[in-house]
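# Architecture at a glance
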Amino acid sequence: MYLWIHEVLDFNGGDDYAIEILHQNLPQRVGTKLSTNTTDIKGGFPYRDELEGIKKEKEVYIEYYFKKHSSQDIAHKLSYAKLFEPFNWIILTGIYLDDIDYSITKKSQELAPTYLI
């Protein structure tokens, strides 16, 4: 899991509605303008879904597909976004669903009985 921040410039969405102002894993993205018209590899609209959820509830969980930083693999990701109103920042964190599956499997194996019947 890691952190990134979008500064909303226009709550109506569209091209250049926000700018990436921090990204722990992809610092080269800092300064990138974002668009609610951008699709992920599966045709979803993660920035649109993020902005719509923020406008409704000031926080949102979104699912989308994104390249893993450790490989060239595209994976299903779950992110949580929350609006920090004084600066119109959307602060996000996310995790790949296969990483959650791995953690669950590992913990299940640790908790499984180690004795034989």
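Just above, that's the structure.
Notes on the structure follow. Counting starts from 1 at the beginning of each chain's written sequence and moves along it residue by residue. It should be noted that, the model being predicted, local features are given only for residues of pLDDT at least 70 and side-chain atom pairs only at 80 or more, the latter also being counted only at that level, while totals for whole chains, interfaces and linings use all residues. Side-chain descriptors were evaluated using all non-hydrogen atoms of the structure, hydrogens and water having been removed beforehand.

## With respect to the pairing of strand E2 (residues 18-23)
- Where strand E1 (residues 2-8) lies against E2, five bridges are found, and the strand directions are antiparallel. Within the sheet, the bridge partner assigned to Trp-4 lies in E2 and is His-23.
- Strands are treated as partners if at least two bridges between them are detected by DSSP. Only DSSP runs of H or I with at least four residues qualify as helices, and only runs of E with at least two residues qualify as strands; both kinds are numbered from the N terminus onward. Two elements, E2 and strand E3 (residues 33-34), share two bridges in a ladder whose sense is antiparallel. Counterpart to Ile-19 in the pairing with E3 is Lys-33.

## Some remarks on the pairing of strand E6 (residues 89-96)
- A 1.4 Å probe rolled over the protein chains alone gives each residue an accessible area, and that area as a share of the maximum for its type sets the label: buried under 20%, exposed over 50%, partly exposed in between. Across the two faces of E6 the burial differs, with Ile-90, Leu-92, Gly-94 and Tyr-96 buried and Trp-89, Ile-91, Thr-93 and Ile-95 not buried at all.
- In the sheet, E1 pairs with E6 via six bridges, with the strands oriented antiparallel. Note on E6: the bridge partner recorded for Trp-4 is Leu-92.
- Strand direction decides the pairing type here: strand E5 (residues 74-84) and E6, joined by eight bridges, are antiparallel. Opposite Lys-82, over in E6, you have Ile-91 as the bridge partner.
- Adjacent in sequence and paired antiparallel, E5 and E6 are bridged by four residues, among which Asn-88 carries a positive phi angle near 55°.

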